[in-house]
Amino acid sequence: MIPFASVDTTALRWLRTSEAPVAYELRSGDDLIARLSRARHGGSLVHAETSEGSWTLKRVGFLHPRVTARKEGAPGDVAVLDIHWRRTSVRVGNGRSFAFERAGLAVPAWQFLTADGVRLVHIEPVRSGRSLVGGAVSVGPSGTRLAELPVLLLVGWYYIMQEWFEDEAVAAGEALLEASAGPSPPKQPGETQSP
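The structure presented is a predicted model; accordingly, all values stated were derived computationally and were not measured.

Calculation notes
Residues numbered from 1 in each chain as written. Predicted model: local features only at pLDDT ≥ 70, side-chain atom pairs only at ≥ 80, totals over all residues. Heavy atoms only, no water. Helix = DSSP H or I, 4+ residues; strand = E, 2+ residues; numbered from the N terminus. Contact = heavy atoms within 4.5 Å. Areas by Shrake-Rupley, 256 points an atom, 1.4 Å probe, with all protein chains shown as cover. Phe/Tyr/Trp six-rings, centres within 6.5 Å; stacked < 30°, edge-to-face > 60°. Buried < 20%, exposed > 50% of the residue type's maximum accessible area, 1.4 Å probe, protein only. Pairing = 2+ DSSP bridges. Axes fitted to C-alpha atoms, helices over the stretch in contact; angles between N-to-C directions.

Next up on the list: the overall build of the protein. Across its full length, the protein holds two helices and 12 strands. Beginning at the N terminus, the succession of helices and strands in the protein can be written as β-β-β-β-β-β-β-β-β-β-β-β-α-α. Summarising the internal contacts of the protein: among those between residues at least 6 apart in sequence, 36% fall at separations of at least 24. Total accessible area on the protein is roughly 11,000 Å²; 54% of this is exposed by carbon and sulfur atoms.

See below:
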């Protein structure tokens, strides 16, 4: 794998490389920068790898969910993404905090921002049908020099991936319920629809 510091980080892409377990690679051109794969099908634990080392990421909590990232073998979290309805943020081990939010209402993209509102990273998921096949990542000028860039990209993609799969599971469940309910009986002449 190539270190983040030695590649062009202005145009990166996440690519799905495996279905079971699900795995993605972060690339700059042909250069492999990071790899992220589920530990097992259906779980929230994910293993990540960069030239800087190996990481584990997982989603914890129910009423106050968050994503934790930790270097393998290390006792504490390197980063914590706190998920809130209004404002989601990532706090890294050195105490810095970054906002993580939707890039717009109509666009399913996400972005990392500084406390001053400067965009550091923009991540736009790419799909084929309902499947998340990858994501286009653009790193702004302030983000290319950021020491926390590797962990932000890992945590951000993990969050997007988890949200996407949860939405897919809900849609599949709804389709199954509709299919098991069978067709609605035909309306009789003069029958009105009840509220």
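What follows concerns the packing of aromatic side chains. Scanning the model with the defined rule gives six aromatic pairs in all. Plain terms: the ring middles of Trp14 and Trp157 are 5.5 Å apart, the flat faces sit at 10° to each other, and that makes the pair stacked. Placement of the pair is Trp14 in strand 1 (residues 12–19) and Trp157 in helix 2 (residues 149–181), with a sequence separation of 143 residues. Overall, the relative accessible area of 1% leaves Trp14 in the buried class.

What follows concerns unusual backbone geometry. Most peptide bonds take the trans configuration, and most residues that are not glycine carry a negative phi. In the segment running from Ala20 into Pro21, the intervening peptide bond is cis, with an omega of -5°. Its location among the elements puts Pro21 in the loop between strand 1 and strand 2 (22–28).

What follows deals with the environment of Pro65. With respect to the helices and strands, Pro65 occurs in the loop between strand 5 (53–60) and strand 6 (66–71). For Pro65, a relative accessible area of 12% corresponds to the buried category. Distance in space between the C-alpha atoms of Pro65 and Ile83 is 5.8 Å, their sequence separation being 18 residues. When neighbours within four sequence positions are excluded, Pro65 is seen to be in contact with Arg59, Val60, Leu81, Asp82 and Ile83.

With that settled, consider the side chain of Thr9. Examined against the element boundaries, Thr9 turns out to sit in the segment before strand 1. The exposure class assigned to Thr9 is buried, which follows from its relative accessible area of 6%. The contacts of Thr9, once residues within four sequence positions are left out, are Phe4, Val139, Thr144 and Leu149.

This paragraph deals with the environment of Leu15. Tracing the chain through its elements places Leu15 in strand 1. With a relative accessible area of 31%, Leu15 lands in the partly exposed category. In sequence terms Leu15 and Gly135 are 120 residues apart; their C-alpha atoms lie 6.8 Å from each other. Ignoring any residue separated from it by four or fewer positions in sequence, one finds Leu15 in contact with Ala23, Tyr24, Glu25, Arg27, Val133 and Gly134.

Right, let's get into the pairing of strand 11 (residues 119–128). When strand 10 (residues 110–113) meets strand 11, the two strands line up antiparallel, connected through four bridges. What sits directly across from Gln111, in strand 11, is His122. The turn linking strand 10 back onto strand 11 is made up of five residues, and Gly117 within it adopts a positive phi angle of 90°. Here eight bridges tie strand 11 to strand 12 (residues 131–139), and the two strands are oriented antiparallel to one another. By the bridge assignment, Val121 is partnered in strand 12 with Val139.

Next up on the list: the side chain of Asp82. Inspection of the secondary structure puts Asp82 in strand 7 (residues 79–82). In this view, Asp82 contacts His64, Pro65, Arg66, Arg87, Thr88, Ser89 and Arg91; residues no more than four positions away in its chain are not counted.

Where strand 1 meets strand 12, four bridges bridge the pair, whose relative direction is antiparallel. Bridge pairing in strand 12 links Arg13 to Ala136. Hairpin remark: strand 11 followed by strand 12, antiparallel, with two residues in the connecting loop; positive phi at Gly129, about 65°.

Here we come to the sheet that holds strand 7. The 12 strands are arranged 1-2-3-4-5-6-7-8-9-10-11-12 in a closed barrel whose pairing can be described as antiparallel. Sheet twist, expressed as the average angle between the axes of neighbouring strands with direction ignored, equals 20°.

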